[in-house]
Amino acid sequence: MAGLLALVLAGPVLAGKPKPGFDASLPTIPAAPARPTGAIFDAGLGYASLIQGTVARRVGDPVTILLIENTITNKAAGSRTERNGAFSVTPPSAGPLSFLDPNALNAGGQSSFKGDGSATQTSQFNGAVGVTIAEVRPNGTALVRGEKRLLLSQGQEWIQFSGIVRLIDIDQQNQVRSNQVADVRVEYAGNGSVQRASREGWLSRFFNLIAPF
């Protein structure tokens, strides 16, 4: 009973606070290059390439992720089995076994099963969240991660995002669609009185767990 109660209390627990590790990444500090002489270009002041422009390419650059997640799944399964069998013995009409009734020696069996199941799930998540480039890789991809926190009067809500993007997919507005990001991990959660009110009480969960109906 104690173990069952502990399982009920452990139940689907709401997130208490945001997970660490989604802070904005700081840009790397390059080594001071040697100052050229006799030219108007100074590499130490930084510059933007005429081809690359201001598109995010380096660690610490901000990127806007457009959350466009639409998922619709359908699944159906069905099975049916049927089996019939019969057994019959005819005793001799004369001799020591002639007293046996032929109908008493006949047997038959039949079994059948039919099952159907279906499931449908639809989820939709739209919005935008700003992240920063945390790591640039040699194959032209980058690891991005970030979070957005909202402190409300009745609690706190947050969105945390991480994934791998191709630098070529980042447009001139430094935006990229979430369906173009690989290994996406999104967490949308919160805490406070509103979330606690929407959660079923532990006693109700206990009786629903042991209810035979």
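Here the structure is a predicted model, which means the values were calculated and not measured. (Residues numbered from 1 in each chain as written. Predicted model: local features only at pLDDT ≥ 70, side-chain atom pairs only at ≥ 80, totals over all residues. Heavy atoms only, no water.)

## Re the overall build of the protein chain
Working step 1: Along the backbone of the protein chain there are 3 helices and 6 strands.
Working step 2: The helix and strand sequence of the protein chain, counted from the amino end, reads α-β-β-β-β-β-β-α-α.
Working step 3: Taken across its 213 residues, the protein chain has 23% of its residues classed as buried.
Working step 4: The long-range share in the protein chain, meaning contacts at least 24 apart out of those at least 6 apart in sequence, stands at 70%.
Working step 5: When the accessible surface of the protein chain is summed, it comes to about 15,700 Å², and 57% of that surface belongs to carbon and sulfur atoms. (Helix = DSSP H or I, 4+ residues; strand = E, 2+ residues; numbered from the N terminus. Buried < 20%, exposed > 50% of the residue type's maximum accessible area, 1.4 Å probe, protein only. Contact = heavy atoms within 4.5 Å. Areas by Shrake-Rupley, 256 points an atom, 1.4 Å probe, with all protein chains shown as cover.)

## Overview of the pattern of salt bridges
Working step 1: Considering all chains together, one arrives at 5 salt bridges under this definition.
Working step 2: Put simply, K19 and E187 hold a salt bridge, and the shortest N to O gap is 3.6 Å. Note that K19 is positioned in the loop between α1 (2–10) and β1 (62–87) and E187 in strand β6 (residues 182–192), a separation of 168 residues in sequence.
Working step 3: Accessibility expressed as a relative area gives 48% for K19, which makes it partly exposed.
Working step 4: Looking at E187, the relative accessible area reads 18%, which means it is buried.
Working step 5: With its nearest N and O atoms 3.0 Å apart, the salt bridge here joins D169 to R166.
Working step 6: With a relative accessible area of 47%, R166 lands in the partly exposed category. (Salt bridge = Lys/Arg side-chain N within 4 Å of Asp/Glu carboxyl O.)

## Considerations on the environment of N74
Working step 1: If you trace the backbone, N74 turns up in strand β1.
Working step 2: Remark: the alpha-carbon pair of N74 and S118, spanning 44 residues in sequence, is separated by 7.6 Å.
Working step 3: Residues in contact with N74, not counting those within four places in the same chain, are A119 and T120.
Working step 4: Of the polar contacts made by the side chain of N74, one reaches the side chain of T120; its length is 3.1 Å. (Polar contact = N/O pair within 3.5 Å; in protein donor to acceptor, adjacent residues only side chain to side chain.)

## Focus: the nonpolar core
Working step 1: By size, the foremost hydrophobic cluster in this structure holds 16 residues, and its most contacted members are V63, I65, I133, F161 and V165.
Working step 2: Secondary structure elements with two or more residues in this core: β1, β2 (107–136), β3 (141–152) and β4 (155–166). (Core = buried A, V, L, I, M, F, W, Y, C linked by side-chain atoms within 4.5 Å.)

## With respect to the environment of T120
Working step 1: Position of T120 relative to the elements: it lies in strand β2.
Working step 2: Relative accessible area serves as the criterion here: at 60%, T120 is assigned to the exposed category.
Working step 3: Between the alpha carbons of T120 and N74 there is a distance of 4.6 Å; along the sequence they are 46 residues apart.
Working step 4: Setting aside chain neighbours within four positions, we find T120 in contact with T73 and N74.

## Focus: the confidence of the model for the protein chain
Working step 1: When pLDDT is averaged along the protein chain, the result is 76, and 65% of the positions lie at 70 or above.
Working step 2: Across the protein chain, strand β5 (residues 175–177) holds the top mean pLDDT of 94, while α1 sits lowest at 50. (pLDDT = per-residue confidence, 0-100.)

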